[in-house]
Amino acid sequence: MSSLSRELVFLILQFLDEEKFKETVHKLEQESGFFFNMKYFEDEVHNGNWDEVEKYLSGFTKVDDNRYSMKIFFEIRKQKYLEALDKHDRSKAVEILVKDLKVFATFNEELFKEITQLLTLENFRENEQLSKYGDTKSARAIMLVELKKLIEANPLFRDKLQFPNLKNSRLRTLINQSLNWQHQLCKNPRPNPDIKTLFVDHSCGQPNGARAPSPATNPLLGSLPKAGGFPPLGAHGPFQPTAAPVPAPLAGWMSNPSTVTHPAVSGGAIGLAASSIPAALKHPRTPPTNPSVDYPSGDSDHVSKRARPMGISEEVNLPVNVLPVTFPGHGHSQTFNAPDDLPKSVARTLNQGSSPMSMDFHPVQQTLLLVGTNVGDIALWEVGSRERLVSKNFKVWDLSACSMPLQAALVKDPAVSVNRVIWSPDGSLFGVAYSRHIVQIYSYHGGDEVRQHQEIDAHVGGVNDLAFSHPNKQLCVITCGDDKTIKVWDATNGTKQYTFEGHEAPVYSVCPHYKENIQFIFSTAVDGKIKAWLYDNMGSRVDYEAPGRWCTTMAYSADGTRLFSCGTSKDGESYIVEWNESEGAVKRTYQGFRKRSLGVVQFDTTKNRYLAAGDDFSIKFWDMDIVQPLTSFDADGGLPASPRIRFNKDGSLLAVSTNDNGIKILANSDGIRLLRTLENLSYDASRTPEAPKPTINPISAAAVATSAGLADRSASVVAIAGMNGDARSLGDVKPRITEESSDKSKIWKLTEISEQSQCRSLRLPENLRVTKISRLIFTNSGNAILALASNAIHFLWKWQRSERNSNGKATASIPPQLWQPSSGILMTNDVADTNPEEAVPCFALSKNDSYVMSASGGKISLFNMMTFKTMATFMPPPPAATFLAFHPQDNNIIAIGMDDSTIQIYNVRVDEVKSKLRGHSKRITGLAFSHVLNVLVSSGADSQLCVWNTDGWEKQKTRFLQVPAGRTPAAQSDTRVQFHQDQIHFLVVHETQLAIYETTKLECVKQWVPRESSAPITHATFSCDSQLVYASFLDATICVFTATNLRLRCRINPSAYLPASVSSNVHPLVIAAHPSEPNEFALGLSDGGVHVFEPLESENKWGVPPPVENGSASSMATTPSVGAPGSEQAQR
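On a predicted model such as this, the values are computed, not experimentally measured, just so you know.

K.L.:
I would appreciate a short explanation of the overall build of the protein chain in the present structure.
P.N.:
Assigned secondary structure in the protein chain consists of 16 helices and 57 strands. In the protein chain, which comprises 1132 residues, the share counted as buried stands at 62%. In the protein chain, the proportion of contacts linking residues at least 24 apart, taken out of those at least 6 apart, comes to 61%. Summing over all exposed atoms, the protein chain offers an accessible surface of approximately 42,100 Å²; the carbon and sulfur share of this is 50%.

Here is the structure:
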């Protein structure tokens, strides 16, 4: 094959990769043998896809090509064989031995014999050379290190491990260049050629019916300004796949890869296809000085960013003059079939003092309303108590740091308006965009505590819009302005990351979004142009006109699946449309606007169901699936022509601006209940030490910050909402929890379980009487429970498969067997000279349940869980081990907490302490790894939390627990830590409190404190899905909390599981959650008993969550509410 043909293969590989033809890419790599993709090879090995691994290798080498190749194949087949043995699949192991490994017998017969003998062992780890074999994951990782060295040393792979350094989309660029050349050869070249095929040479001879793309996006025009020169094939312009049936064809917006390296912006991938919003949507802002027109605050644009599935929680900032629609049969002010969940009752009236331009509810504390006005004021309201917590006038924080144009402009005319206010997704920051150059970012610390965070001289002229976004897991601020640019800033330090140029008019709005791992930003300008940008410097990917061709905003539904736009023309024609993303066409146009809107219409979406707009002195609503208006409300009158509107996160409250510089809060039944609850709780909240005011329910300033973190990282849907730049979207991705809203008329009541008949509980059978259970865990497979008693003996209960228990999982319905190997030996820890009852026991289970590491004051023992044999002992005291944790990526690395306050990072394989961490002052009582953040969190008897980086083991942060006033913990009180499923937040358990912390800032997001007269907490744990927290108390009570907000939902009293004959001193010491059944947990008691609990099958859950202060019972993956612990204190 010639060198040019070889290079063509590389261009095709790049094209396939950008277009996400993943299987085809690797097939071509293998068949051509030109490029060995090490990343793909590693992934397949990690996943154990052995057939694919060998098939892929076969394109580059055979078993007997050289000694390197032989060793590569041998290691892979040996690993496959050991894994079959580990699963006790003897027949599979024999098959691998005969078919795959026998080929090596001719080269090393002794080795083959030794491998064969492994079949005779109960556990191949009994073979000395394999005794350190960890679990499957770590074994594959260790093998991969060896394989990579062999591949790099193998001459057959030389020059095949590096992909050529190509510019992005090189093949597309060559085709565009060819088309440009063909176009120059046309006899009658047309200015905007519409190229529909690559199968024949281009000619401008025949007209081809479809509307041509604008010159700016047409790759055939030499005027394309961008580096790289040509937009992605098919993205627009000459390669438009089909003529769109709408005036502003959106077809194929991003149906082709962007000029980005790999993330191809494929049509489906980014919902960019639907972005070509009708130009009509854009409406320029009218100056704030004109009282007759409600020019939309920056909010309107952001409306687009706030899609959400929950109730009309999305506020509609649409100062729309929706025509006084007279629906057939009734006037526009009447409602017809208005859904009950739309907020329509005026519950509060607030006097702002100047005209609100933009509003945004806090994403966590859903009764906190942020307001920006036409004179540059910002205010923070607690609408429940009608209290204005914060009020600030516009002021430049550091005039000397401002540009000369800004200083001159302020001297000439000091009047400034707020164009946009918005919370960050977690509510820890909020941004304010002003009509003069400036963006100010504040940090919020609960209550009335607001601090200056960053001031950015962002644009020349007005800053028209502002949004938060999370590209590359980094919080950013996106701004746009009169200077025709869009800019991206680091939210932490205010440094500029990107400037996007290409608009020819002031940029009116931005809408960040996220789809299938592609992050992008839509922007709209007042000339009606819509553009889309990726986080790179490659220029706009699309250029379309929006309906109305003036001021337009865009929004996705909360689940990120539906795209809408709203806009107003200079003549007052308003539009809301839904786009068909795949075809780039308008799917439906909603009706019901006033013929001549008196301002720019703003809109919003909510509950994945409703659209809303402020128009014609009222608020109008549409069902997303119906073009006719659903209803409209005038909020008892007094609204401007195009009111600003904003929903809280769950749609229970709606803030609406009024004519008299005020704000009305409309509420549905949930919202009314939420406001009343807050009024009732204000006294409780005031009792908590951290509550600065009786009105908020803050638990601590930090609380808010973490919730956000929670929100951003988990499910991709959540990410989608977050990328929208609208914090409110986060909670909406999942529809509201049905159990919470099933019967709104009922008053919530704590579920109390006091009788044995009210739940399923089972005391596990015992052979030996034990004084107390010190440690307890379910095996990872979920079919057994392992306990460590205070006398240093382990007990293992196994559930067997049966007709009544087909999956063999642990359950409270069927008793297990107390299991022992045929040898009759017990797993007994080494005991130091001291009394084992006084030692601090600890253990940790390997991920595959094959061995347990354990200590009871003496040496650490490593036990084989199948044979109960002691495989090794190490680290004799002093100091003694007090806590053990396996590294999540490598079972050979263990973090060992010591009673001398150090943490030792120990490598079992080489029997060596790699690092010794110092930071605590008393013994270590808790360790937890996060594989997402690559950190280790430690806790000690000194009530201190530390965060350590697992790459270099340096200490990143440290914080002491805040012990509630009036509580005096024991001198050596344990503090336990456990990571939430999101690996960002962790649970802290102390005898005086339960708390949720956010790791990166090490801040408390939520705290629950038992009232002073109640018993101390003995232990607590997350359920396996991190939606619940199970806690045990010294008085033998068990409490179940909703993890999101640490609200008590169920209490199990001792009488439900302890017979009357049992001493009143008996209580749970440890609690463990089942690894796959969220509603199942087990207790280890002080009398040596172990109990398993499940709710009744008819109930299938532990109680019902109480109504949450912020109106939503969102999951931890969204945003936990920050409420005062005081409200819970009465419960226990």
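Still to come is the rest of the account.
K.L.:
What is the right way to look at the layout of surface pockets in this model?
P.N.:
Over the atoms rolls a probe the size of a water molecule, and its path tells where empty space is left. One number sums up the size of the largest pocket: a volume of about 1,500 Å³. Around the largest pocket, the lining comprises 46 residues; the ones closest to its centre are I777, N780, L927, Q978 and F979. Counting only elements with at least two residues in the lining of the largest pocket, the list comes to strand 31 (773–778), strand 35 (842–845), strand 39 (881–886), strand 43 (924–930), strand 47 (975–979), strand 51 (1017–1022) and strand 55 (1068–1073). Taken together, the residues of the lining of the largest pocket sort by class into 25 nonpolar, 17 polar and four charged.

K.L.:
In this structure, what is going on with the packing of helix 1 (residues 3–18) against helix 2 (residues 22–32)? I would like to understand it.
P.N.:
Two measures define how a pair of helices packs: the angle their axes make with one another and the distance between the axes. For the pair helix 1 and helix 2, the least separation of the axes is 9 Å and the interaxial angle reads 160°. With respect to helix 2, the axis of helix 1 lies roughly antiparallel. As for the relative orientation of helix 1 and helix 2, their crossing is left-handed in sense. Across the interface between the two elements, V9, I12, L13, L16 and D17 from helix 1 touch T24, V25, L28, E29 and S32 from helix 2.

K.L.:
Explanation requested: the pairing of strand 25 (residues 629–633) in the structure shown.
P.N.:
Here is the key point about a regular strand: its side chains alternate between the two faces of the sheet. Within strand 25, five of the five residues are buried, which leaves it mostly tucked inside the rest of the structure. Relative to strand 25, strand 24 (residues 618–623) runs antiparallel, the two sharing four bridges. By the bridge assignment for strand 25, F621 is matched with T631. In this structure, the hairpin formed by strand 24 and strand 25 is closed by a connection of five residues.

K.L.:
Explain the packing of aromatic side chains here, please?
P.N.:
The way to describe two aromatic rings as a pair is by their centre distance and the angle between their planes. The final tally for this structure, using the stated rule, is 38 aromatic pairs. Summarising the aromatic geometry, the rings of F36 and Y56 are spaced 5.3 Å apart at their centres and angled 45° between planes, so their arrangement reads as tilted. Of the two residues, F36 is situated in the loop between helix 2 and helix 3 (38–46) and Y56 in helix 4 (residues 50–57); the sequence distance between them amounts to 20 residues. Taken as a pair, F36 and Y56 share a single burial class, namely buried. Cluster of aromatic residues (ring-pair linked, three or more members): F36, Y40, F41, Y56, F60 and F157. Over the aromatic face of W819 sits the side chain of K798, whose NZ or CZ is 3.9 Å from the ring centroid.

K.L.:
Before we go on, may I ask you to explain helix 1 in this structure?
P.N.:
Along an α-helix, residues three or four positions apart point the same way, because every turn accommodates 3.6 residues. Over its 16 residues, helix 1 extends 23 Å from the first C-alpha to the last, a length consistent with the 22 Å expected when each residue adds 1.5 Å. Among the residues of helix 1, those classed as buried are V9, F10, L11, L13, Q14, L16 and E18. Of the surrounding elements, those touching the buried residues of helix 1 are helix 2 and helix 9 (170–184). Of the residues one or two after helix 1, K20 is the one with positive phi, at around 65°.

K.L.:
Which parts of the structure should I look at to understand the environment of R644?
P.N.:
Residue placement: R644 occurs in the loop between strand 25 and strand 26 (645–647). Judged by relative accessible area, R644 falls into the buried class, the value being 0%. On a C-alpha basis, the gap between R644 and M359 in space is 7.7 Å, while along the polypeptide they are 285 residues apart. A distance of 3.5 Å separates a polar side-chain atom of R644 from the backbone oxygen of S642.

K.L.:
Which parts of the structure should I look at to understand the nonpolar core?
P.N.:
Here is a general trend for soluble globular proteins: nonpolar side chains tend to be buried in one another's company. Judged by nonpolar contacts, the single largest core of 40 residues is most densely connected at F36, F41, L57, Y81 and L101. Every element with two or more residues in this core is listed here: helix 3, helix 4, helix 5 (67–86), helix 6 (90–101), helix 7 (109–117) and helix 8 (136–153). The dominant element in this core, judged by the number of residues it contributes, is helix 5, at nine residues. Look past the residues within four positions of L101 in its chain and what remains in contact with it is F74, R77, K78, Y81, I96, F112 and I115.

K.L.:
What am I meant to see in the side chain of H503 here?
P.N.:
Here H503 shows up in the loop between strand 13 (496–501) and strand 14 (507–515). Sequence-distant contacts of H503, defined by excluding residues within four places in its chain, comprise K484, I486, S523, T524, A525, K529, K531 and W533.

K.L.:
It is not clear to me how the pairing of strand 40 (residues 893–898) should be interpreted in this structure. Could you clarify?
P.N.:
For strand 40, the tally of buried residues reaches six of six residues, placing the bulk of the element in the interior. With burial as the criterion, each face of strand 40 is covered, one bearing I893, A895 and G897 and the other bearing I894, I896 and M898. What sits between the antiparallel neighbours strand 39 and strand 40 is a turn of six residues. Examined bridge by bridge, strand 40 and strand 41 (residues 902–907) share five bridges and lie antiparallel to one another. Within strand 41, the position partnered with I896 by the bridge is Q904. The turn linking strand 40 back onto strand 41 is made up of three residues, and S901 within it adopts a positive phi angle of 80°.

K.L.:
Just to check I follow, could you spell out the sheet that holds strand 41 for this structure?
P.N.:
For sheets, the rule is that strands pair by backbone hydrogen bonds, running either parallel or antiparallel. The strand order across the open sheet formed by four strands is 39-40-41-42, and the pairing between neighbours is antiparallel. At either end of the open sheet lies a strand with only one pairing partner, and these are strand 39 and strand 42 (912–918). Between one strand and the next, the sheet's axes are offset by a mean angle of 20°, whatever the strand orientation.

K.L.:
Looking at this structure, how should I read a nonpolar patch on the surface?
P.N.:
Taken together, the side chains of L198, F199 and V200 present a nonpolar region at the surface, about 380 Å² in accessible area. Mapping V200 onto the fold places it in the loop between helix 9 and helix 10 (298–303). A relative accessible area of 55% places V200 in the exposed class.

K.L.:
Even after reading the chapter, I still don't get the packing of helix 3 against helix 4, so can you show me in this structure?
P.N.:
At their nearest, the axes of helix 3 and helix 4 sit 8 Å apart, and the two run at 150° to each other. Here helix 3 lies roughly antiparallel to helix 4, going by the angle between them. Here the hand of the crossing between helix 3 and helix 4 comes out left-handed. Of helix 4, the residues touching helix 3 (which contributes Y40, F41, E44 and V45) are W50, E52, V53, Y56 and L57. For the contact of helix 3 with helix 4, a count of residues per class yields seven nonpolar, no polar and two charged.

K.L.:
When you look at the side chain of S1014 in this model, what are you seeing that I'm missing?
P.N.:
Topologically, S1014 is positioned in the loop between strand 50 (1003–1008) and strand 51. Classification of S1014 by relative accessible area gives buried; the value is 13%. In terms of polar contacts, S1014 uses its side chain to reach the backbone carbonyl oxygen of R1011, at 2.8 Å.

K.L.:
Explain the confidence of the model for the protein chain to me, please; I cannot follow it from the model alone.
P.N.:
Any segment with low pLDDT has predicted coordinates that should not be analysed in fine detail. Averaged over every residue, the pLDDT of the protein chain is 78; residues scoring 70 or more account for 77%. Per-residue pLDDT stays below 50 along residues 207–336; that stretch engages in 621 contacts with residues further than four places along the chain or on separate chains. Confidence drops under pLDDT 50 across residues 683–745; counting only partners more than four residues distant or on other chains, this segment forms 225 contacts.

K.L.:
Could you clarify how one ought to interpret the environment of T902 in this entry?
P.N.:
Within the element layout of this structure, T902 appears in strand 41. Judged by its relative accessible area of 5%, T902 is buried. When the C-alpha positions of T902 and K922 are compared, they lie 8.6 Å apart, and in sequence the two are 20 residues distant.

K.L.:
What's the story with the sheet that holds strand 52 (residues 1028–1033) in this structure? I'm lost.
P.N.:
Pairing is mixed across the open sheet formed by five strands, whose spatial order is 29-54-53-52-51. Looking at strand neighbours, the two that pair on one side only are strand 29 (751–753) and strand 51, the edges of this open sheet. Between one strand axis and the next, the sheet turns by 20° as a mean value, whatever way the strands run. Sheet analysis places strand 29 next to strand 54 (residues 1047–1052), joined by three bridges and oriented parallel. Bridging across to strand 54, I753 finds its partner in I1052.

K.L.:
Explain the pattern of salt bridges here, please?
P.N.:
It is possible for side chains of opposite charge to pair when their charged atoms get near one another. All chains considered together, the criterion is met by 29 salt bridges. Its salt-bridge partner being E31, residue K27 comes within 4.0 Å of it at the nearest N-O pair. Taken together, the residues K27 and E31, both in helix 2 and four residues apart, mark about one turn of the helix. Among the ionic pairs, E54 bridges to R77, the shortest N-O distance being 2.8 Å. Here E54, found in helix 4, pairs with R77, found in helix 5; they are 23 residues apart in sequence, far enough to count as distant. Residue classification places R77 among the buried residues on the basis of a relative accessible area of 10%.

K.L.:
Whenever I open this one, helix 8 confuses me. Can you help?
P.N.:
For helix 8, built from 18 residues, the straight-helix expectation of 26 Å at 1.5 Å per residue is met to within 8% by its first-to-last C-alpha distance of 26 Å. Regarding helix 8, the residues found buried are S138, A139, R140, M143, L144, L147, L150 and I151. Considering only its buried residues, helix 8 is in contact with helix 3, helix 4 and helix 5.

What counts, and where the lines are drawn
Residues numbered from 1 in each chain as written. Predicted model: local features only at pLDDT ≥ 70, side-chain atom pairs only at ≥ 80, totals over all residues. Heavy atoms only, no water. Helix = DSSP H or I, 4+ residues; strand = E, 2+ residues; numbered from the N terminus. Buried < 20%, exposed > 50% of the residue type's maximum accessible area, 1.4 Å probe, protein only. Contact = heavy atoms within 4.5 Å. Areas by Shrake-Rupley, 256 points an atom, 1.4 Å probe, with all protein chains shown as cover. 1 Å grid on protein atoms, 1.4 Å probe; cavity = no way out; pocket = protein on both sides within 12 Å on 5 of 7 lines; lining within 4 Å. Points joined across faces, edges and corners; volume = space filled by probe spheres on them. Nonpolar A, V, L, I, M, F, W, Y, C, P; charged D, E, K, R; others polar. Axes fitted to C-alpha atoms, helices over the stretch in contact; angles between N-to-C directions. Parallel < 35°, antiparallel > 145°, perpendicular 65-115°, else oblique. Left-handed = near helix turned anticlockwise from the far one by under 90°. Pairing = 2+ DSSP bridges. Phe/Tyr/Trp six-rings, centres within 6.5 Å; stacked < 30°, edge-to-face > 60°. Lys NZ or Arg CZ within 6 Å of the ring centre and 35° of its normal. Expected span 1.5 Å × (residues − 1). Polar contact = N/O pair within 3.5 Å; in protein donor to acceptor, adjacent residues only side chain to side chain. Core = buried A, V, L, I, M, F, W, Y, C linked by side-chain atoms within 4.5 Å. Patch = residues over 30% accessible without salt bridge, like charges linked within 9 Å, V, L, I, M, F, W, Y side chains within 5 Å. Salt bridge = Lys/Arg side-chain N within 4 Å of Asp/Glu carboxyl O. pLDDT = per-residue confidence, 0-100.

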